[in-house]
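Structural overview
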Amino acid sequence: MKINRHLILAFALLLIACNSFAQKLGKYNAIYSGIPWFDNNGKVVSAHGANMVKDHGKFYLFGEAHSDTSNAFAGFNCYSSDNLYNWKFERIALPVQDSGKLGPGRVGERPKVLRCPKTGEYIMLMHTDNLAYKDPCVGYATAKSITGPYKFQGPLLFNGEPVRKWDMGTFNDSDGTGYLIIHSGLLFKLADDYKSITEKVVDNKWRGHESPAIFKKGGIYFWLASDLTSWERNDNFYYTATTLKGPWIARGNFAPKGTLTWNSQTTFVMPITGANDTTIMFMGDRWSYPHQASSATYVWQPIIVNGSTASISQYMEGWQINTSAAVVRIIDARNKGINRVNKTGIQYKGNWQHTLSDTVLISRSDQKGDSFSVQYNGTQIGFYGQAGPDGGYARVILFDNKGKAMLHAMIDTYSKYPVTGLRFLSPVLPKGLYTLTVSVLGEHGSWSDKQRSDYGSKGNFVSLEKITVKD
């Protein structure tokens, strides 16, 4: 067979170009909460109301895809990772259906995937609804492969009837039994094939108790839930029991009161089992209505368990975990190989207010179009700023030395209480000359719930306290 040398050369050049492009996307070295994460394609990870499954040594993350214009179902995404830091987009595991409960103009939330021990099939449970949230139902879909595609099968039935509830979660016990968790303290046992319900295990009749999640450690079950505040964050709480039937004992908040669960809402709890121990990882959503696709982020933190006590007493801005040993190590983005940029190197455009507070210079603006930029030579850049009751949206763009936009993100700086923290951190990129530009959008998140209570920010401010660059 005659070999086409030109074809081989072209193919080799294509591989070099692809590898170069992939390298430019960069990697993260830890789990960083409250900032946008970028997948292998350079797009913001969109997987809210999520769960995680470890399958054949790899972690798979499932969650809601979103748009910035509507809360209508946009599909459920699937990502994979070897280390929990860097995520590869696999596919839309379950897309919008042509019609029916997950058709156009419907709601699809909180996808939870279980691998059935009996059949080897993957079962996805989810909340379906209409946009007015007046047609709730728990549905299910099936797939032969963990990444899908999943086929929507319709409502999950109990005694021949759909479960007409909304916020839901799942739990796999150590014996392989699957459970459906429902808001207000309701727990169902799944059939052996996970495709129907065989038993109502307990009905605690708790008021509200949305975003439920259960985990087990040391023979004790922990049930986490949040209060009823729509997309707003609140102080989530937990219960414990020695059996799933209860009695369930109220234990209070698992994060310090007033932190609003470190500005997040429970979505799932992932046990990461190592050689000698198991780390319990809290997975929370930091919602950002209406820009859920662009600005909602994730708060993932290790839960410290001591007997029947569970706590996230310390907020870890960045942390690493050895997934083989389940050992946690804190990473401080301010101090580990990252240096302060001289404030005089920041170029401000517009009417920024500069205030010196406790030897820290804080710059703020709420004027649409105002921006700050910094040119740097390094591998990674981030910035710290204050979030508060008057915080708004900011656009972040990272340019290479040719002026090409490499990364785009939208940042939400709203919080019910003032808090300074990391707002953006790029992946680690090849060392070079880059420019970071942050612009005030003149918008903020706000919404009303079913009772017409108003939530969200009262202003459009964006602030800068510190820029950090890694050489």
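Refer to the structure presented above.
Overview of the structure. (Residues numbered from 1 in each chain as written. Predicted model: local features only at pLDDT ≥ 70, side-chain atom pairs only at ≥ 80, totals over all residues. Heavy atoms only, no water.)

As a further point, take the sheet that holds strand β7 (residues 122-130). Taking strand neighbours across the sheet as the criterion, the four strands line up as β6-β7-β8-β9 in an open arrangement whose pairing is antiparallel. Among the strands making up the open sheet, the edge pair consists of β6 (106-115) and β9 (151-155). The sheet shows a mean angle of 25° between the axes of neighbouring strands, direction not considered. Relative to β9, strand β8 (residues 137-143) runs antiparallel, the two sharing four bridges. Across the sheet, residue threonine 142 finds its bridge partner in β9, namely lysine 151. (Pairing = 2+ DSSP bridges. Helix = DSSP H or I, 4+ residues; strand = E, 2+ residues; numbered from the N terminus. Axes fitted to C-alpha atoms, helices over the stretch in contact; angles between N-to-C directions.)

Let's shift gears to the packing of aromatic side chains. In the structure shown here, the tally under the stated rule is 30 aromatic pairs. On the basis of an interplanar angle of 65° and a centroid distance of 5.4 Å, the ring pair of tyrosine 79 and phenylalanine 89 is categorised as edge-to-face. On the criterion of sequence distance, the pair formed by tyrosine 79 in strand β4 (residues 76-81) and phenylalanine 89 in strand β5 (residues 88-94) is long-range, its members being 10 residues apart. The class for phenylalanine 89 is partly exposed, based on a relative accessible area of 27%. Pairing tryptophan 206 with tryptophan 223 gives two aromatic rings, centres 5.0 Å apart and planes at 75°, and the pair type is edge-to-face. With tryptophan 206 in the loop between β15 (196-203) and β16 (210-217) and tryptophan 223 in strand β17 (residues 220-226), this pair connects stretches of sequence that are 17 residues apart. Across the pair, tryptophan 223 and tryptophan 206 agree in class, each one buried. Through successive ring pairs, a cluster of aromatic residues spans Trp206, Trp223, Phe237, Tyr239 and Trp248. (Phe/Tyr/Trp six-rings, centres within 6.5 Å; stacked < 30°, edge-to-face > 60°. Buried < 20%, exposed > 50% of the residue type's maximum accessible area, 1.4 Å probe, protein only.)

Looking along a regular strand, one sees the side chains alternate between the two faces of the sheet. In terms of burial, strand β12 (residues 168-172) is a largely internal element, four of the five residues being buried. The antiparallel hairpin formed by β12 and strand β13 (residues 178-182) contains five residues in its connecting segment, where glycine 176 sits at a positive phi of about 90°.

The next point concerns the sheet that holds strand β27 (residues 346-349). Strand order in the open sheet made by the five strands is β27-β30-β35-β32-β33, with antiparallel pairing throughout. With partners counted over all chains shown, the strands left at the sheet margins are β27 and β33 (405-412), one partner each. The sheet shows a mean angle of 15° between the axes of neighbouring strands, taken without regard to direction. Pairing of strand β30 (residues 371-378) with strand β35 (residues 432-440), which is carried by eight bridges, proceeds in the antiparallel orientation. Bridge pairing in β35 places valine 374 opposite leucine 436.

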